[in-house]
Structures are given as structure tokens and as C-alpha cells.
Amino acid sequence: MISSDQVRAPKRRGDFLFSTTALVAGIAILVVLAAVAIFLLAESLPAFLADPAEISADGSGFWGLVGPLVFGTIWAAALALLIALPLSLGIALFISHIAPRRLAQGLGYVIDLLAAVPSVVFGLWGITVLAPAVQPFFVWLVDNLGWIPFFAGPVSGTGRTVLTVAIVLAVMILPIITALSREIFLQTPRLHEEAALALGATRWEMIQMAVLPFGRPGIISATMLGLGRALGETMAVAMVLSPSVIISFALLQSQNPTTIAANIALNFPEAHGIGVNVLIGTGLILFVITLIVNMLARVVINRRKAFSGAN
Amino acid sequence: MASVSIMSSNGYHPLSRTVLWTTAGLSAAVSVGIFVILGIGGTTHTFNIVGAVVVAALLNVVVSYVLSRIIEGRRKAKDRLMTGLVTTAFLVALLPLISLVYTAVSNGLPRFDSTFFNASMRNIVGEGGGGLHAIIGTLLITGAATVISVPIGLMTAIYLVEYGRGRLARAITFFVDVMTGIPSIVAGLFAFALFAIFLGPGIRFGIGGAVALSVLMIPVVVRSTEEMLKLVPNELREASFALGVPKWLTIVKVVLPTSIAGIITGVMLSISRIIGETAPLLIIAGLSTSMNYDLFSDRMATLPVFVYTQYANQGSDAQAYLDRAWTGALVLILIVMVLNLGARLISRFLSPKGLR
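Residues numbered from 1 in each chain as written. Chains lettered and ligands numbered in written order. Predicted model: local features only at pLDDT ≥ 70, side-chain atom pairs only at ≥ 80, totals over all residues.

Chemist: So what's going on with the overall build of chain B? Residues and values would help.
Modeler: Per the secondary structure count, chain B includes 14 helices and zero strands. The order of helices and strands in chain B, counted from the N terminus, is α-α-α-α-α-α-α-α-α-α-α-α-α-α. The C-alpha atoms of chain B give 28 Å as radius of gyration, which overshoots the globular expectation for 356 residues (21 Å, by more than 25%). By principal-axis analysis of the C-alpha atoms, chain B measures approximately 80 × 70 × 35 Å. Taken across its 356 residues, chain B has 47% of its residues classed as buried. (Helix = DSSP H or I, 4+ residues; strand = E, 2+ residues; numbered from the N terminus. Rg over C-alpha atoms; globule rule 2.2 N^0.38 Å. Buried ≥ 20, exposed ≤ 12 C-beta atoms within 10 Å, placed from the backbone.)

Chemist: Tell me what's going on with the packing of helix H4 (residues 74-108) of chain B against helix H14 (residues 318-349) of chain B, and back it up with residues and numbers.
Modeler: The relative placement of two packed helices is expressed as an angle between their axes plus a distance between the axes. Residues and elements named next belong to chain B. Two elements in contact, H4 and H14, have axes separated by 8 Å at closest approach and are oriented at 125 degrees. The angle between H4 and H14 falls in the class oblique. Crossing hand, H4 versus H14: left-handed. Facing Ala104, Val105, Asn107 and Gly108 of H4, the residues of H14 in contact are Trp326, Thr327, Ala329, Leu330 and Ile333. (Axes fitted to C-alpha atoms, helices over the stretch in contact; angles between N-to-C directions. Parallel < 35°, antiparallel > 145°, perpendicular 65-115°, else oblique. Left-handed = near helix turned anticlockwise from the far one by under 90°. Contact = placed C-beta atoms within 7 Å.)

Chemist: Run through helix H3 (residues 49-71) of chain B, naming residues and quoting values.
Modeler: All names here are of chain B. With 23 residues, H3 should reach 33 Å at 1.5 Å per residue; the first-to-last C-alpha distance of 32 Å fits that figure. All of the buried residues along H3 are Ala56, Ala57, Asn60, Val61, Ser64 and Ser68. At the exit of H3 stands Gly73, carrying a positive phi of roughly 105 degrees. (Expected span 1.5 Å × (residues − 1).)

Chemist: Talk me through the domain arrangement of chain B; I want residue IDs and the actual numbers.
Modeler: Residues and elements named next belong to chain B. Each assigned domain of chain B is listed here: domain 1 (4-111) and domain 2 (118-349). Relative placement of domain 1 and domain 2: their C-alpha centres are 41 Å apart. Every contact between the two is made by six residues of domain 1 and, on the other side, seven residues of domain 2. The class makeup of the residues in the side of domain 1 that touches domain 2 is three nonpolar, two polar and one charged. (Domains from an automatic or database assignment. Nonpolar A, V, L, I, M, F, W, Y, C, P; charged D, E, K, R; others polar.)

This is the structure:
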């Protein structure tokens, strides 16, 4: 922490050992990340190279299998984000600017509790409570709005549809988006807010003029981190969805596009031979997708750190 | 609302508190009325609390918007509308939390008995049996993951805060952040791929699960420890250097003790994050119905996987399996809550004065 060119402390063996250990630990993290990529690649190579007929009966091969899975993964995550984003921005604003100061921290903690619930419990809740609860609503949607392609029938009798999954996923990613955007909103320069209020703005106009523009990069990256979480979420999807490997935009039918992660979780315990390699291959694709999303999010955050000049 | 007398001379009449509360009360009454009538009419089977709350909240927002629009004007009305919507968003988010906790407690309590904590699932087909083997497995695997992750995470954080400068440190920070986003199932696949290459295909054992969980845990430990080390005032380090203490001793004797409360909090929170992970353990630790104390051989049951398989592979007496699943879920929630609360208590009571 001190930089002094005049006086140099004597070299000590303890210092050398300690700093080297720290350096090795730091490098170990990079090695682990590289190892994840390398070992996944090594184990999935047989799937990439195998004869297409070996992998699936119709001969479409690995890429024919992975296409619908990638679609399902992105589709479910995007739906979840669509539900979660407005809600979490609302909650973040509520906690940071609207709730009484004294309550705010406690309320934030309550939302954080949602993040602490294990995903398998969310899955259990989704299948036993949420799916039966929303199923009558789905029937109503199909009966009355069935002309919209998304709500096309026939309706699922169990409620285990991609929309239910999206709701569960939304609940799961809500805390992370809320927590990050709340932090950003709280960092809004006090002077900006007071200036807006002094010019006669109502509280909402102040939020519109000062808080949201300041928080926009933060909101974007929080969204992408939430998206990354939703893309990789496994158990909730595996338990709630009634899966099939198809590409379909219908939200309420009993045939739903499944996600990469759920497909792995459901099929891995019984997989053998080339099947294992195929599943690891899909895992590699998921890894690459989430890596890209997360890196973009981090780049946005880091750029803001450097140029905002406000904090 | 205190500004009524000043503003009213300009023709501006803000809604009084009484009016707002009356609106809220009326909305609630109307909404409850609607759902009671629906219930009597047979459209809904039981009184739908969730529906009533949501309808009441939305009704209140709309009515107070219209009132405000007529009396207070467009801008104030929009302010009320958005405030109402934002508050509703918060209430909506509470619904799943309440519902989930209620369901877990009410479904989990029937089997929350001594048998559950004293028996494994060995030779159990219908009723009875318990999750002891899974609880032991979870403790062992999580413990091993902690033993692997904490030293690496701690030293990395020390490197980043105390030593790291330049491109390498920036790269490590960046990739630690990226690593927090690795899906848990990918971590499980990684552990499987790693051990399958060296130990042959079809490998399932506890330590593999610990490795997978470490991949998920290390970045969390690094991030939280880093934040804590940054909070240690530079004056403390400088005072120590001025007394001639070597840098590594300064870190061990001054920096770490000062931030130890925060570090423990971070570690506990990271444990609470990984203890509920299911997917990686499903892949690499597998499931057994018997006790297994050896991390290095054979399949090992863990609580999350136990919950999942009890649900997924229900036997002929389905209720017994579901009861066990919910009790497992309840135990899991309790463990996570205790870790969370404990972490917060530690950070409140152990942290040195003046830092917070």
C-alpha cells in the first residue's frame, strides 16, 4: 500500500513465501476456469466427432439435438427476465426511494431471503403449489385469448408449462436483479435528486430524471447477470417442466421446449457411452453462452466504474 | 400533507391522509367482496387470498390515481400511480416467499420427527426412513468444499488487495466475477469430466461433489473477502510498517484480525449458497440409500439430491415419499436460514468498532 522509492525494506523469506502463495492462489483461479473449459471440451469431443446416426435416431446428430435445447434455454430465460425485470426494478425503487428509511434495510433482507432458498425447494414448490394454482388461469387464457399464437391450445392439464417455469425462474432471479439495481439506485448523487426536487419535480419525476438515467448501465448489467442465472438454472426447470425436445413458442401446451441444464439433470444419471459425451457437449455450449452473457455484463459494469465520475 | 394550508390558497388541494386510507380500505373491502361472491358462486373452490390481495392493491392504485387526477392534477396523479405500482411490485414479490415458507413448513412438519434424523433410507420402501445419510453427506461434502475453497479464496483476495497490480490482477478480478456466473450444472459436469478422464467413466464419489461446489464457492469467497480487506483503513497498515513489521506479518497480524468478522460472514454466506446446490451433486456424487462416511469412494447421498429423488422416484406409497421430500426441504431451508442469520449476527457483534 505504501510506495516509497527512497527506503527499501530488506527482503524477507516470509514475505516472499506469503506473496508467492497469494499469487499462486490468484493464478489457480484462472487455471480452474481454463480447466473447466478444457476438460469439458475434452470430454465432449467424441460427441462432436461421432457419426450423427449414433447420437440420434433421425441422424440429425449433435447439432440437431442441441438446437432445440439452446432455443428452449434462451426462450425460458427470456420469458423469466420479461417477468422479473419490471418487478425487480419496482422493488429496488421501493426499497431505495419509497419505503420509509427505517424499514428499507429490513425489506431488502426479506427479498434477499428469496435468494437463499435452494433451487430444489423452488422446484418442489413450483410443481406442488404453483402449477396447480395457475392451471385454471391457463385454461381461461387459452379459451379467451387462444387466437394469440403464444396462448394457442390445447392447454396443458397439469400446468407444467414453460410459462410456469418462467414464473419460477423469475422468482429465483428477482433477488439478484433487485439487489444490484438497489445498490446502483442508492448511489445516485444526492445533489442530482435534490436539484430535481428543488425544481418542483414530484418524487416519480425525480426518479425519472435523476435516478433512472444514472442507474441505466447498472440496470443493464443486473439484467444480464439475472439472465445468466436463469440460463443455467437446473432443478426448478427439471422438476416443473414437462419436457420434450422441440422448438415451439406456445406457452401453455403440454409439449414444451426443455433447457440444456434440465435436460442434463434428467438424463445424466442414466446416460452411458456416447450419451454422456453428448450431454457434456451440451453443457459446454451452456458454459459458453453463460460465459458470454456474464462477460458482457461485467464489461458494462466495469466501464461504468471508470467513467461515471460520480462515486 | 403539512403543506395543505399554504398551498390551498393557490387552488391546490392535496389528498388528505384520511382520503387515501379510506380508498385503500374500500378497495380491500370490494376486492374481498368480489372473491367471496366468486367463492359462493362456485368459480373458485376456496377463498383466493392471493387474488384478493393483488386485486385490492391494483384497485387501490387505480382509484387513488383517478381521485388524484381529478383533485391534484396530472403530475401528482402520475406520481401516485407509479408509487402505487412500485409498492404493489414489492407486495407481489412477497407472495411466493410467504407461500413457499408456508408450504414447506406445513408439508414438512409431519415427518419432522426423530426418525428422520436418526435413520437412513436403507431397505426402506414405503413409510418410515429418514435423511440422516443425506444430512451427513451434505455436511461432509460441504465441509470438504469449504476446506478447499476458503484457503484459495482468502489468499486470492489477499493477493488482489495487498499485492496485485497491473494486468494480472485485473484479469483475476474480471474472471472471478465471470466465474460467479458459472451455472451449477456446468460445475458438476466439469468435476465429472475431470475425474472421468483420470479414474474412468461412471465415476461417482463425494469428493467430486466437493470439487464441483468449490468451483461455485471460490469466487463468492474471493469477492466477499476482497470487500472486507478493502475496508481495513490504510492507516493501520502504515502504522504497522512504521514499526518495522514485515508486510506478511502485517497482513496476518493486523489486516486479517481487523476484518475477520466480515470474512467469517462472507464464508458463511457462501456456504449457505452452495449447501442447497442439487445439480452438480446429482451428477458427480450420485445417490445412495445407506450411510457413507468416506468421501473418496462410492456414491454419497446429499440433502438436496435426497429431496429431488424422493420427489422424482415416488414409490407405491407416494405420500410417504412426498412427506420425506418436504421434510428434507424444510431442513435445508432451516440450515440456510441459520447460516444467514448467524452470518449477520457475527458481522454485527464481532466487527471492530469504528469500521462500520
